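Structural description and commentary
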Amino acid sequence: VGRLSKVAIIGAGNVGSSIAFSLMMSNAVSDIALIDINKTKAKGEALDLAHGLQFVPSVNSIQAGDDFSLIKNAVIVVMCAGIGQQKGQTRSDLLNYNVSIFKEIIPEIIKYNNECIILVVTNPLDVMTYVTHKLSGFSSCRVFGTGTVLDSARLRYLLGKHFDISPKDVGAHVLGEHGDSQFVWWSQASIAGIPLSQLQLFSQETMNTIYNKTKDAASQIISLKGVTNFAIAMVVTKIVRAILLDQSRVFTVSNIVDGVYGVSDVSLSLPMVVRRSGTCQKLSISLNDREQKFFLESALKIKKEINQALALL
Ligand SMILES: NC(=O)c1ccc[n+]([C@@H]2O[C@H](COP(=O)([O-])OP(=O)(O)OC[C@H]3O[C@@H](n4cnc5c(N)ncnc54)[C@H](O)[C@@H]3O)[C@@H](O)[C@H]2O)c1
């Protein structure tokens, strides 16, 4: 109560503008700043949104421009500048370009705001989260990415449809990379505490299909409509609310891991507690042998891309 709740969004493209709209409806944010190198686009989106200010209870102002001083006083800076996955392109193809943009942007952020939490959305997500951590010098509590929160939502949607249960009541998580090496934490997947394998409609073959559909969801949407923007905006809004309202929610955000099954100094997704201070509390998890193998493969893949990125810094 009475706390600042300004959120700055860097990159007012498909994703950034959808996040701004979703945050406006969230009733948790008091001020929004939209920053884009394309100043006219940022200003256009802000004006369009500002015409709706009278319809929402919590937002007082929407600022926009190409000037990074707009991020002053923001509690959270959402990073969604950069190019997205094109048809036939992998997330790794984006790496070189997006790292070069972050090298310009992150120093601008810390010039104006040394206290914020940086929430990374730009792909390749885990690598960009790691790069942001390195370039900012912020503690890892204050730099994390949306990670597999979106993938987990996609998984729950598909499982919910299959078992005819609301996705809200499906307890299932995607861990590892926000990308092709992601894996499902099947050993802990349940509905109302009942392991999926004990449910009548369970079949291993269907679970494999659901895993593949979850993993390929972004490509599927991109081939249907060119971009993904709405679900990611809702994911960011959930995380932003958890931070601003100090909710201690558990999300599979991407964060630097330190000594999990022998993996350190890699950013990837595991269940973490998200509150006003960021993600300082990691939950220790137990993976079965198969999951440990997937976890290590995922960490190795990200580590390789991190090394590729570090060579560019
Ligand atoms: N994490 C996820 O789950 C997830 C989901 C969807 C999209 N994404 C990623 O989000 C990113 C953005 O996607 P999009 O569809 O909005 O792309 P977009 O091209 O519509 O928007 C990107 C914006 O970034 C701006 N930009 C470029 N360089 C900049 C700079 N130096 N400073 C400020 N702004 C700059 C561009 O002008 C553009 O408006 C992509 O990397 C995409 O892959 C991630």
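Preceding block: the structure.
Notes on the structure follow. Each chain carries its own residue numbering, running from 1 in the written order of its sequence. Local features are withheld for residues below a pLDDT of 70 in this predicted model, meaning they are given only at 70 or higher, and side-chain atom pairs are given and counted only at 80 or more; totals for whole chains, interfaces and linings count all residues. Only hydrogens and water are removed before side-chain values are computed, so all heavy atoms of the structure are retained for them.

**Looking at the packing of aromatic side chains**
- Put simply, two rings from Phe, Tyr or Trp (the six-membered ring, in Trp's case) pair if the centres are within 6.5 Å, and we call them stacked under 30 degrees between planes, edge-to-face over 60, tilted for the rest. The tally for this structure, following the rule as stated, stands at two aromatic pairs.
- Taken together, a centroid distance of 6.2 Å and an interplanar angle of 35 degrees make the contact between F183 and F294 tilted. Of this pair, F183 sits in strand β9 (residues 183-184) while F294 sits in helix α9 (residues 289-310), and the two are 111 residues apart along the sequence.
- Only protein chains enter the area calculation, which uses a 1.4 Å probe; residues under 20% of their type maximum are buried, those over 50% are exposed, and those in between are partly exposed. Judged by relative accessible area, F183 falls into the buried class, the value being 2%.
- Here the aromatic rings of Y261 and F295 are separated by 6.1 Å at their centres, their planes lie at 65 degrees, and the arrangement is edge-to-face. Pair noted here: Y261 is in the loop between β13 (254-260) and β14 (263-269) and F295 is in helix α9, with a separation of 34 residues, a long-range link.
- The exposure class of Y261 is partly exposed, given its relative accessible area of 32%.
- Of the residues examined, F295 reaches a relative accessible area of 0% and is grouped as buried.
- A cation over a ring is seen here: R142 above F138, with NZ or CZ 4.2 Å from the ring centre. Under the scheme used here, helices are H or I runs from DSSP no shorter than 4 residues and strands are E runs no shorter than 2 residues, and both carry numbers assigned from the N terminus. Charge-over-ring placement is defined geometrically: NZ (Lys) or CZ (Arg) within 6 Å of the ring centre, and within 35 degrees of the ring normal.

**What about the sheet that holds strand β15 (residues 272-275)?**
- Only strands joined by at least two bridges in the DSSP assignment are considered to pair. A sheet is described by the order of its strands in space; here three strands give the open sequence β12-β15-β16, paired in antiparallel fashion. One side of each edge strand has no neighbouring strand; the edge strands of this open sheet are β12 (249-251) and β16 (278-282). Going across the sheet, the axis of each strand differs from the next one's by a mean of 40 degrees, ignoring polarity. In this description, a line fitted to the C-alpha atoms serves as the axis of each element, helices being fitted only across the stretch in contact, and the angle between N-to-C directions of two axes falls anywhere from 0 to 180 degrees.

**Thoughts on the environment of I232**
- Here I232 shows up in helix α8 (residues 230-244).
- Between the C-alpha atom of I232 and that of A153, which follows or precedes it by 79 residues, the distance is 9.8 Å.
- The contact rule is simple, with two residues in contact once any of their heavy atoms fall within 4.5 Å. Contact partners of I232, with chain neighbours within four places excluded, come to V15, V121, T146 and L150.

**Observations concerning the state of the cysteines**
- A pair of cysteine sulfur atoms is labelled a disulfide when the two atoms are within 2.5 Å. Tallied over the full model, the rule gives one disulfide.
- Here C141 pairs with C280 through a disulfide, and the sulfurs are 2.2 Å apart. For the disulfide bridge between C141 and C280, the dihedral angle about the S-S bond is near 135 degrees, and by the sign convention the bridge is right-handed. With C141 in the loop between α4 (125-136) and β6 (143-145) and C280 in strand β16, this residue pair connects regions lying 139 residues apart in the sequence.
- With no disulfide of its own, C80 has C116 as its nearest cysteine by sulfur position, at a separation of 14 Å.

**Focus on the nonpolar core**
- Residues belong to a common nonpolar core when they are buried Ala, Val, Leu, Ile, Met, Phe, Trp, Tyr or Cys residues joined through side-chain atoms within 4.5 Å. Judged by nonpolar contacts, the single largest core of 85 residues is most densely connected at I19, I109 and I239.
- Looking at which element gives the most residues to this core, the answer is α8, with nine residues.
- Setting aside anything within four residues of it in sequence, one finds I19 in contact with I9, V78, C80, V121, A233 and V236.

**Focus: the site of the ligand**
- Taken together, the neighbourhood of the ligand is formed by 26 residues, with V15, D36, I83, V121 and N123 sitting nearest.
- N or O atoms within 3.5 Å of each other form a polar contact, as long as, within protein, one can give a hydrogen and the other can take it, and as long as residues adjacent in sequence are counted only when both atoms are side-chain atoms. At 3.2 Å, a side-chain N or O of T146 approaches a nitrogen atom of the ligand.
- Look at the ligand: alone it shows 870 Å² of surface, and the protein chains cover 85% of it.
- Lining residues are defined by having an atom within 4 Å of a point belonging to a cavity or pocket. Those points lie on a 1 Å grid over the protein atoms alone, cavities being sets where a 1.4 Å probe fits but cannot get out and pockets being open sets with protein on both sides within 12 Å along at least five of seven lines. For this analysis, a molecule is said to be in a pocket or cavity if more than half of its atoms are within 2 Å of the grid points defining it. Here the ligand occupies the largest pocket.
- At the level of secondary structure, the elements contributing two or more residues to the shell around the ligand comprise α1 (14-24) and α3 (95-112).
- Top element by residues in the shell around the ligand is α3. It accounts for four residues.
- For this classification, the nonpolar set comprises Ala, Val, Leu, Ile, Met, Phe, Trp, Tyr, Cys and Pro, the charged set comprises Asp, Glu, Lys and Arg, and every other residue, Gly included, is treated as polar. Taken together, the residues of the shell around the ligand sort by class into eleven nonpolar, 13 polar and two charged. If even one non-hydrogen atom of a residue comes within 4 Å of a molecule or strand, that residue is called near it. Throughout, the Shrake-Rupley method with a 1.4 Å probe supplies accessible areas, and for residues the shown protein chains are the sole cover considered.

**Examining empty space enclosed by the protein**
- Grid points are joined across faces, edges and corners, and a volume is the space filled by probe spheres set on the points. The tally for this structure, following the rule as stated, stands at one cavity of 30 Å³ or more.
- The computed volume of the largest cavity comes to approximately 30 Å³.
- Lining of the largest cavity is provided by P124, L125, D126, V127, E177, H178, I302 and E305.
- Of all the elements in the fold, those that place two or more residues in the lining of the largest cavity are α4 and α9.

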